[in-house]
Amino acid sequence: MAEETLVLFKNIRNPKYDKSLSAYKKSGGFKSLKKVFGMKPDEVVQEVKESGIRGRGGAGFPTGLKWSFMAKGTGKPSYLVANADESEPGTCKDRELMLKDPHMFLEGLMIGCYAIGCHHGYVYVRGEYFPSIKSLNEAVDELYADGLLGLDPMGSGFNLDITIHTGAGAYICGEESALLDSLEGKRGHPRVKPPFPAVSGFNGCPTSVNNVETLACMPFILGDNGVEDFKNFGPQNNSGTHLVSLSGHVNRPGVYELRMDVNMKDIIYEFGGGIRNGKKLKGVIPGGSSSPVMTADEVDVLYNFDDLAKKGTMMGSSAMMVFDEDTDVVKLLHRITRFYAHESCGQCTPCREGTHWSRQIIRDFLNGNGSEEKLLRLNRVGGNMMGTTLCALGDAAAMPIQSFVKKFPEEFRKYYATV
Amino acid sequence: MPLFKGFNMPVFDIDGELVEYEPGEKILSAALRCGKIIPHYCYHPGMSIVATCRMCLVDVVDMGNGRPAPKLQTACSMDATEGMKVETLNPKVEEGRKLVNEFLLVNHPLDCPICDQSGECTLQDYAFEYGSGKSEMDYSKRVSGWRDIGSFVALERNRCIQCSRCDRFTREITGTNEFGMFNRGHELTVDTYADRPMTNKFQGNMADICPVGAITEKEFRFKRRAWKLKKNRSICTGCSTGCNVTIEHDRNEIFRLKPHENQSVNKWWLCDEGRLTYRIMNERKTRIHQPLGRVEGKLEGISWEEAYSAIAERVGDLSALPEEVLALTDTHASNEELFLLQKLLKDIFSSDNIFCPLPTWEQSESEFFINTLITTDNTPNRAGALALKIKGDAKSTKLKKAIENELKVVFVLGNPFEAEVEVQEKIKRAQLVVHLGTFHNSWSEIADVVLSGQYYSEKEGTFTNKDQRVQATEIAVKALRRTRPEWQILMDLSASLGHGNSYSSSADVFNAMTEQVKSFADLSYAEIRLFGKELNHKTKDSGMKVVKAHT
Ligand SMILES: Cc1cc2nc3c(=O)[nH]c(=O)nc-3n(C[C@H](O)[C@H](O)[C@H](O)COP(=O)(O)O)c2cc1C
Ligand code: SF4
Ligand code: SF4
Ligand code: SF4
Ligand code: FES
């Protein structure tokens, strides 16, 4: 059987590991932070750039580059905010890290804070994640008690505080600028960009928002020979291991830590143990519910950013949702569309109206009132949200609609009205 | 400031025309300034940019670096840059607008026939321009319901297009935060917090900035179709700020006042109290409809000639000394009227016994500009009276000294010293009291002759506001048949008393004033007509006391 590559999960996969600070330290924890405190912040950013790590939050933006964009000399404080709002349907990887090895993520956050000169880091956690919130708070308490947070940790002279902030359960607050609004105590509405958070973010100060998993990679990258090793975990431009949330009709769903040169087919049939009940594969939503759907004969592809992009889809938050031959694709699309209609913040016209309207049309199909005209309309309404909105939620809602209509048109025909 | 604005300003290209912009300015703002029309809803020059309606899409074919933008851009949020090329009319843009407009209409009630916004609704305009005329929406529309949100405005939420202008208004302009957005997604809507009615004194502006008929003025509801209204520029005389307004009227009836943008005075805003002053313009019951003369103790209608000759005869008989003559005026009189009254006294009686009430007033400081609009100073032409050196003080002490003399001839313009019973008692005993005014008041009750004047919506005139900016009003509606503008009455009166002036219009009087009164020197009527102009020679003490806002 294929093996995981354990970097982020090296402790989690150890049955004896108890996630306490002492256990984390025993496993080599906080060595990287110690090393980082001996480096210049710019050197840290440079190492991160060289590792080639791309953000694990969905967009795959190079993290080192993001940090190098942070406005300098503004006279304002800088902030690092960890995005732990994990709410893209299918995604459940950050939860594993926060719940089972919070110190690895927090060390990564601290390294990031040092790299961008932030003295107060925030973790914005999804409101429904009660156990993760508890786990993080306990871990932060341990760090303060140990002196690793607060004044002058490890004699570095670098004072650092971390606050765990809980959201109220809105998908849109995972979008970085809405997250910052929410963190400031306002309604979570995505902001106009530019200015990007690196120039004007939390309270108008330079801010970097990074995904939990992205930050959790930092202790490895800044460890001994980390940069080189990290690059070797995947093809060029797709470095590192990543956490794949595998769900749906597979025999062994779960979160797997994989290299970036693993074939999607193998993820389904080797790691996932194949389709349950011996059924045939119908399709896969490869990277969270917003990514364009793939049919069964498209899944022979390396599961990483670039190879999926070449196939016209995306890896997003690496959440694979597998569905078998018995699945009603129209119902599936209805469920996805309902999610986006419910989670749209509603401020921009195409997303507010389009998510709801397209849901109404799909429901009309499910009621047996479909028609060729309505299918074209669905595709048009979906397409009209694409690239026309303020934040990427409009795209996220459009992509499944357009791809489902394109790849499974005959499934919609089943719901045409019979006259 | 450079001699002409474009001297040092960078330029970019809109539809083949070079447009100048200030560094950091957005495409839409620069375009609007140059008279280009780009459809938009959420953008308002006085508030923050949210770029959410997505209507202002333009095609940036060259971002200034030789490369086109990857997709249509919202003009309200994109910085103009040197060498940028923007197309606002190509098929791609039209297609983009069309689809945004379609989305805006899927849940819109389109009840234009009963909507007060109809005729001045940009949604209606753009739907007409970009809409297909046929809806593809087969399902029932969203219903959010009507809400009673305050004394001044009505909220019909079904018509709301969620542009958030109203929300930003109470956050950014009034700072009162009593109004906001609720719910999410297609249920996003607007309301007041905790069901409380709105309290800010500027609610009417929310109706102005709401691009559709969701927020409308209660006062105007169902009264007139907007396209029937004729509009004239004027100045609100509710207080000494002198907000620029348009008086909107139909068939000689005035229906509303709307703010007229003037960045040096009221920006885009107007207070609710000022808006309500339209009511008095339509008032007929207490109006003085024609000249009146006292016959056997009772006021009776007389002709203008009878009035003038009666006054001339009495004045001749009385041969009053300068100190036996008195003129009182309020500060609702225009600069020209004050000037002519003062001149009449000087020319005929060699007297400078002219007084007006000048109460002191306090202006509280505020971090919100709009709060400086309403002043407690309801003397709209105080600064004009001061510039003409008309006498007066907060406690009327100077006046009380002047009325110690045996008075023979008294002229009263408007309704000055209305609450000063003592003054009125004294003046009652004068040999001849002439009242010029628009409304009956305690002065017309004691006057021997009453001359019927006109309200400022019916005549021309200039007013000097608290910042000593001279601004002009226009004739909006036709005056009552047997009334005359006060400047003309004063001129005629002067002529019948043997000292003719031949001014043919209020503007003519203004020009004479600029020659004869130092404070008004170097102004021309043409120059003040659009946005007004501050006096070149200002009065030092305007009676204003700035007080710190109590927090
Ligand atoms: C609608 C929407 C929802 C998002 N939700 C999340 C989320 O739950 N978690 C997350 O890490 N990033 C989310 N993102 C991406 C963030 O905006 C941002 O790109 C990311 O946190 C950056 O971190 P990274 O560079 O480490 O990927 C979301 C983006 C959008 C448009
Ligand atoms: S795209 Fe949707 S979620 Fe994003 S800002 Fe617009 S309305 Fe809100
Ligand atoms: S808001 Fe405009 S489009 Fe809507 S009903 Fe009123 S006039 Fe018609
Ligand atoms: S009520 Fe008017 S101003 Fe307010 S959001 Fe709706 S359309 Fe915009
Ligand atoms: S005016 Fe630009 S998006 Fe609304």
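Residues numbered from 1 in each chain as written. Chains lettered and ligands numbered in written order. Predicted model: local features only at pLDDT ≥ 70, side-chain atom pairs only at ≥ 80, totals over all residues. Heavy atoms only, no water.

Novice: Got a minute to help me understand the interface of chain B and chain A in this structure?
Specialist: Frequently, the measure chosen for interface size is the accessible area removed from exposure when the parts meet. On the side of chain A, 32 residues touch chain B, which itself brings 30 residues to the contact. Together, the buried faces of chain B and chain A total about 2700 Å²; carbon and sulfur atoms form 52% of this surface. Sorting the residues of chain B by area buried against chain A places F103(B), Y139(B) and R184(B) first, and these three jointly supply 29% of that buried surface. Along the contact surface separating chain B from chain A lie 6 salt bridges. Across the pair E136(B) and R380(A) runs a salt bridge whose closest N-O atoms are separated by 3.1 Å. In this assembly, chain B and chain A are joined by 21 residue pairs in polar contact (both at pLDDT 80 or more). Only α2 (91-106) and β8 (179-182) of chain B provide two or more residues apiece to the side of chain B that touches chain A. (Contact = heavy atoms within 4.5 Å. Buried area = accessible area lost by both parts, 1.4 Å probe. Salt bridge = Lys/Arg side-chain N within 4 Å of Asp/Glu carboxyl O. Polar contact = N/O pair within 3.5 Å; in protein donor to acceptor, adjacent residues only side chain to side chain. Helix = DSSP H or I, 4+ residues; strand = E, 2+ residues; numbered from the N terminus.)

Novice: Even after reading the chapter, I still don't get the site of ligand 2, so can you show me in this structure?
Specialist: Around ligand 2, a shell composed of 13 residues is seen, among which I172(A), C345(A), C348(A), C351(A) and C391(A) lie nearest. The residue makeup of the shell around ligand 2, split by class, is 8 nonpolar, 5 polar and no charged. (Near = heavy atom within 4 Å. Nonpolar A, V, L, I, M, F, W, Y, C, P; charged D, E, K, R; others polar.)

Novice: Sorry, what's going on with the domain arrangement of chain B here?
Specialist: All names here are of chain B. In terms of domain boundaries, chain B breaks down into domain 1 (11-89), domain 2 (107-281) and domain 3 (292-548). Taking the mean C-alpha position of each, domain 1 and domain 2 sit 26 Å from one another. Contact with domain 1, which involves 13 residues of that partner, is made by 16 residues of domain 2. Considering only the surface of domain 1 that becomes buried against domain 2, Y41, H44 and M47 emerge as the three largest contributors, covering 51% of it. One can count 0 salt bridges joining domain 1 with domain 2. (Domains from an automatic or database assignment.)

Novice: Is there a simple way to think about the sheet that holds strand β7 (residues 153-156) of chain B in this case?
Specialist: Strand pairs in the sheet, formed through backbone hydrogen bonds, run parallel or antiparallel to each other. Residues and elements named next belong to chain B. The strand order across the open sheet formed by 3 strands is β6-β7-β10, and the pairing between neighbours is antiparallel. The two strands at the open ends of the sheet, each matched to only one other strand, are β6 (146-147) and β10 (215-217). Pairing geometry for β7 and β10, over 3 bridges, is antiparallel. Bridge pairing links A154 to T216 in β10. (Pairing = 2+ DSSP bridges.)

Novice: When you look at the pattern of salt bridges in this model, what are you seeing that I'm missing?
Specialist: Once their charged atoms are close, side chains differing in charge can pair, the charge on each being opposite to the other. Residues and elements named next belong to chain A. As enumerated under the stated definition, the model contains 66 salt bridges over all chains in all. Note that K279 and D326 form a salt bridge whose closest N and O atoms lie 3.0 Å from each other. Residue K279 is located in the loop between α12 (264-271) and β7 (281-285), and its partner D326 is located in the loop between β9 (319-324) and α14 (329-343); the two are separated by 47 residues in the primary sequence. When its relative accessible area of 31% is taken as the criterion, K279 is described as partly exposed. (Buried < 20%, exposed > 50% of the residue type's maximum accessible area, 1.4 Å probe, protein only.)

Novice: Looking at this model, I keep getting lost on the nonpolar core. Mind explaining?
Specialist: The nonpolar side chains of soluble globular proteins are, as a tendency, buried together. In this structure, F404(A), F412(A), F12(B), I27(B), F169(B), F179(B) and I215(B) are the most contacted members of the largest nonpolar core, which totals 136 residues. Setting aside chain neighbours within four positions, we find F179(B) in contact with I149(B), L155(B), C166(B), D167(B), T170(B), V190(B), D191(B), T192(B), Y193(B), M198(B), M206(B) and I215(B). Counting 62 residues, the second-largest nonpolar core is a separate cluster that includes Y24(A), I116(A), A139(A) and L148(A). (Core = buried A, V, L, I, M, F, W, Y, C linked by side-chain atoms within 4.5 Å.)

Novice: Quick question: what am I supposed to make of the site of ligand 1 here?
Specialist: Residue and element names in this part refer to chain A. If you check the shell around ligand 1, you find 18 residues, and the closest are G57, K66, N83, N211 and T214. R56 is positioned such that a nitrogen or oxygen atom in its backbone is 3.3 Å from an oxygen atom of ligand 1. Within the side chain of N211, an N or O atom sits 2.7 Å from an oxygen atom of ligand 1. Protein chains bury 89% of the 610 Å² of accessible surface belonging to ligand 1 in isolation. Of all the elements, strand β4 (residues 207-211) adds the most residues to the shell around ligand 1, at 3 residues. Looking at side-chain class alone, the shell around ligand 1 contains 4 nonpolar, 8 polar and 6 charged residues. (Areas by Shrake-Rupley, 256 points an atom, 1.4 Å probe, with all protein chains shown as cover.)

Novice: Help me understand the sheet that holds strand β2 (residues 17-20) of chain B in this model?
Specialist: Residues and elements named next belong to chain B. One open sheet holds the 5 strands; their spatial order is β2-β1-β5-β3-β4, and the pairing between them is mixed. One side of each edge strand has no neighbouring strand; the edge strands of this open sheet are β2 and β4 (73-74). Taken together, the 3 bridges between strand β3 (residues 57-62) and strand β5 (residues 85-87) define a ladder with antiparallel strand orientation. Within β5, the position partnered with D59 by the bridge is E87. Of the strands in this sheet, β3 and β5 are in contact with α2, which crosses β3 at around 155°. (Axes fitted to C-alpha atoms, helices over the stretch in contact; angles between N-to-C directions.)

Novice: Please clarify how unusual backbone geometry should be interpreted in this entry.
Specialist: Only a minority of non-glycine residues have a phi that is not negative, and only a minority of peptide bonds are not trans. A cis amide bond, omega -5°, links K193(A) with the succeeding residue P194(A). Relative to the assigned elements, P194(A) resides in the loop between α8 (176-183) and β4. Residue P194(A) is joined to P195(A) through a cis peptide bond whose omega torsion reads 0°. Positionally, P195(A) belongs in the loop between α8 and β4. At R54(B), a position not held by glycine, the phi torsion is positive, near 65°. With respect to the secondary-structure elements, R54(B) resides in the loop between α1 (27-33) and β3.

Novice: How do you make sense of the packing of aromatic side chains when you look at a structure like this?
Specialist: Within a pair of aromatic rings, the relevant descriptors are the distance that separates the centres and the angle that separates the planes. Summed over all chains, the structure comprises 32 aromatic pairs over all chains. With centroids separated by 5.3 Å and ring planes inclined at 65°, the aromatic side chains of F169(B) and W269(B) adopt a geometry described as edge-to-face. Residue F169(B) is located in helix α4 (residues 165-173), and its partner W269(B) is located in the loop between β13 (253-259) and α6 (272-276); the two are separated by 100 residues in the primary sequence. Each of the two residues, F169(B) as well as W269(B), counts as buried. In this structure an aromatic cluster arises from ring pairing among F439(B), Y455(B), Y456(B) and F463(B). Against the face of F305(A) rests R54(A), its NZ or CZ located 4.3 Å from the ring centre. Positioned above the aromatic ring of F369(B) is the side chain of K267(B), whose terminal nitrogen or guanidinium carbon lies 4.5 Å from the ring centre. (Phe/Tyr/Trp six-rings, centres within 6.5 Å; stacked < 30°, edge-to-face > 60°. Lys NZ or Arg CZ within 6 Å of the ring centre and 35° of its normal.)

Novice: Looking at this model, I keep getting lost on the pairing of β8(B). Mind explaining?
Specialist: Looking along a regular strand, one sees side chains alternate from face to face of the sheet. All names here are of chain B. Direction of pairing for β8 relative to strand β9 (residues 189-192): antiparallel, over a ladder of 4 bridges. The residue bridging F182 from the neighbouring strand is T189, located in β9. Here β8 folds back onto β9, and the loop between the two strands holds 6 residues, one of which, N183, carries a positive phi near 65°.

Novice: When you look at the domain arrangement of chain A in this model, what are you seeing that I'm missing?
Specialist: All names here are of chain A. Its domain assignment divides chain A into domain 1 (21-231), domain 2 (241-324) and domain 3 (329-413). Relative placement of domain 1 and domain 3: their C-alpha centres are 34 Å apart. Contacts between domain 1 and domain 3 engage 12 residues on the former and 8 residues on the latter. Interface of domain 1 and domain 3: buried area, both sides summed, is about 830 Å²; carbon and sulfur atoms make up 68% of it. On the domain 1 side of the interface with domain 3, the three residues burying the most area are Y171, I172 and P190, jointly 53% of the side's total.

Novice: Can you walk me through the packing of α14(A) against helix α15 (residues 349-366) of chain A in this structure?
Specialist: If you want to describe how two helices pack, look at the angle between their axes and the distance between the axes. Residue and element names in this part refer to chain A. The geometry of α14 relative to α15 is characterised by a closest axis approach of 9 Å and an angle of 155° between their N-to-C directions. Our classification of the angle between α14 and α15 gives roughly antiparallel. As α14 packs across α15, the resulting crossing turns out to be left-handed. Taken together, the residues of α15 that come into contact with α14 (itself represented by V330, K331, L333, H334, T337, R338, Y340 and A341) are T355, H356, S358, R359, I362, R363, F365 and L366. (Parallel < 35°, antiparallel > 145°, perpendicular 65-115°, else oblique. Left-handed = near helix turned anticlockwise from the far one by under 90°.)

Novice: Help me understand the side chain of S87(A), please; the structure alone is not making it clear to me.
Specialist: Residues and elements named next belong to chain A. Examined against the element boundaries, S87 turns out to sit in the loop between β1 (78-84) and α5 (93-100). The buried category is assigned to S87, whose relative accessible area is 15%. Within the local environment of S87, its side chain forms a polar contact with the backbone oxygen of D85, the two atoms lying 2.8 Å apart. Sequence-distant contacts of S87, that is, excluding residues within four places in its chain, are made with R126, Y171 and F339.

Novice: Just checking my understanding: could you explain the layout of surface pockets for this structure?
Specialist: Where empty space is left in the structure can be found by rolling a water-sized probe over the atoms. Residue and element names in this part refer to chain B. Considered as a void within the structure, the second largest pocket measures approximately 1300 Å³ in volume. As for the second largest pocket, its lining consists of 34 residues, and the residues nearest its centre are H44, R165, D208, E261 and W268. Mapped onto the lining of the second largest pocket, the elements with two or more residues apiece are α3 (122-130), α5 (204-209), β10, β12 (244-250) and β13. Both domains that meet at the lining of the second largest pocket, namely domain 1 (11-89) and domain 2 (107-281), each give it at least three residues. (1 Å grid on protein atoms, 1.4 Å probe; cavity = no way out; pocket = protein on both sides within 12 Å on 5 of 7 lines; lining within 4 Å. Points joined across faces, edges and corners; volume = space filled by probe spheres on them.)

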